[in-house]
Amino acid sequence: MPTNDKNGIKIWQRRTNRESIFHWLLWLIGIMIFTYCWQQISKSTTWFFVWDAPRIATDLWTRATPPKWEYISQLGKPIWDTLNIATLGTLFALIIAVPVAFLAARNTTPSRFIIRPIALLIIVSTRSINSLIWALLLIAIIGPGVFAGIIAIAIRSIGFCAKLLYEAIEEIDATQVEAISATGASRWQVMVYGIVPQIMPAFAGISVFRWDINIRESTVLGLVGAGGIGLQLSASLNVLAWPQVSLILLVILLAVVISEWVSAKVRGAII
Amino acid sequence: MSLDNFNVQTKLGQPWKRPPFIQKKLLRWTIIFGIIAYLIAAYLSVDVNWSRVYEGLERGKKFVLAFTNPDFTSRSSDIWSGMIESIIMTVTSSVVGIGISIPIALGAARNVAPLPIYLICRGIIAISRALQEIIVAILLVAIFGFGPLAGFLTLSFATIGFLSKLLAEDIESMDKVQAEAIKASGAKWTQWINYGVQPQVMPRLIGLSIYRVDINFRESAILGLVGAGGIGATLNTAFDRYEYDTAAAILLIIIGIVMALEYISGIIRARVQ
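A quick note: this is a predicted structure, and the numbers were derived from the prediction, not measured.

**Concerning the overall build of chain A**
No. 1: Within chain A one finds 11 helices and 2 strands.
No. 2: Listing each helix as α and each strand as β along chain A from the N terminus yields β-β-α-α-α-α-α-α-α-α-α-α-α.
No. 3: Computed over its C-alpha atoms, the radius of gyration of chain A comes to 26 Å, more than 25% above the 18 Å expected for a compact globule of 271 residues.
No. 4: Every one of the 271 residues in chain A was classed for burial, and the buried ones make up 38%.
No. 5: For chain A, restricting intrachain contacts to residue pairs at least 6 apart in sequence, the fraction spanning at least 24 positions comes to 69%.

**Things to note about the domain arrangement of chain A**
No. 1: Annotation of chain A at the domain level lists domain 1 (3–50) and domain 2 (74–270).
No. 2: Each of domain 1 of chain A and domain 2 of chain A has a C-alpha centre, and these two points are 41 Å apart.

**Some thoughts on the interface of chain B and chain A**
No. 1: Opposite the 42 residues of chain B that make contact, chain A presents 45 residues.
No. 2: If you list the elements that add at least two residues to the side of chain B that touches chain A, you get helix 2 (25–45), helix 3 (50–68), helix 4 (76–107), helix 6 (133–144), helix 7 (148–172), helix 9 (189–223), helix 10 (232–240) and helix 11 (244–272) of chain B.
No. 3: Taken together, the residues of the side of chain B that touches chain A break down into 30 nonpolar, 9 polar and 3 charged.

**Quick word on unusual backbone geometry**
All names here are of chain A.
No. 1: Here Thr-65 and Pro-66 are connected by a cis peptide whose omega angle stands at -10°.
No. 2: In this structure, Pro-66 sits in the loop between helix 3 (53–64) and helix 4 (76–104).
No. 3: Non-glycine residue Leu-240 carries a positive phi angle of around 55°.
No. 4: In this structure, Leu-240 sits in the loop between helix 10 (229–238) and helix 11 (242–270).
No. 5: Leu-240 sits in the exposed class, given 10 other C-beta atoms within 10 Å.

Conventions and cut-offs
- Residues numbered from 1 in each chain as written.
- Chains lettered and ligands numbered in written order.
- Predicted model: local features only at pLDDT ≥ 70, side-chain atom pairs only at ≥ 80, totals over all residues.
- Helix = DSSP H or I, 4+ residues; strand = E, 2+ residues; numbered from the N terminus.
- Rg over C-alpha atoms; globule rule 2.2 N^0.38 Å.
- Buried ≥ 20, exposed ≤ 12 C-beta atoms within 10 Å, placed from the backbone.
- Contact = placed C-beta atoms within 7 Å.
- Domains from an automatic or database assignment.
- Nonpolar A, V, L, I, M, F, W, Y, C, P; charged D, E, K, R; others polar.

Given below as structure tokens:
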């Protein structure tokens, strides 16, 4: 127990002297890095605009309220597109993510040294790039539209779903698998009767969870031209139609809240 | 399968059938029909211009080939400054965001905070989680002007919703006995938090913080699209000019940094837990 001798009385302290010096050094370095970074940000900021911000914000608020309610009649189709992008994107992603997850899990992969690293590479590379960037890329390749959005969402979701799914596969109970293979089942039969029933709840949970995230992401994909309600948002922003912008933001907020509610309900029913 | 309606006589002599994933027959078929009807409706409303897609495959091939031959050099100064800006935004927003989310998490934990504070903090968390990063960024760019300050504010704001919620849940599920022992020794409220609560949630806090740094970096890569600083602007320009080799270089750097962060966070999380 680290103590501090003060006039012959031992007083308890949390760390030894050496540890506390080390801690102080770490804090010092951290604060120095933070200050440096903050200076960089401050350098590239026009502070006049920042001091002016409250005025601009109130100005924007007066422009944006009240929302232009009639505009809602034009938002039906974009909302439907957004829903399609999220749902079909999730579906395509799952179709690819399931085999990738099986190839990546330590206990089901056919080859630990060749196929598993490839599967992990697919997972990491699709996961680390945001769906907006995928959308940018796909628009340059296959042209703007809903289809680019679906593929962008699908690619981004592969890594996410496959990662969670392969972790679930790695955590399954091996005795059940062994019991099935002891009956003389083939590799596929072991998969269907031993592994799949164990990961089914996780699978359903992951898909609904990702669908919820995808609804959020697909609302903004239109900003780069990939369809959905984001297209209306960027069009309204470009012509500075703030009452329309505020209505679209409200609709997006509502969609996000509803999808989160649905996903929480479904996950609650499964687990 | 409940044992009450399990009738042995009717099952004898019949081959075993796997129990379906959804037990109720009506619910199962409604869900299946609903899905099929939806898929048909969705397929009909999504019109794909297949000839345009076919044309694009050629360009797609070019892009994939660009990954084998990324161009780090010809735009190196743009890439470098964009990357530095992204990293700076990540560091500052993570520090500030985590700093703000700790008190909010304490306020949003029902076993620590009184009801009014609890409701306020939960409200802040709900707002922060419901708003998309990119939408917040658009509004903040409109208010604060272009540049990394808007990106920094956006990421800090998003960090609050994520970290406070998960940390508050951890605080709520902490072990009461330890915290009570500290209280029983006559500790003040701050001491109680510091010695009773904090040691219990520290591993989770560290793990979540590192994970959030990772997310913030990934998000900072797209904030540039709406003018909030970072590598996104450079990336957007590269795509617009069809400079796939430069774009591939940027994407490779992002993937590399994310992988490195994930590796480091794995090591740190294994050490603290």
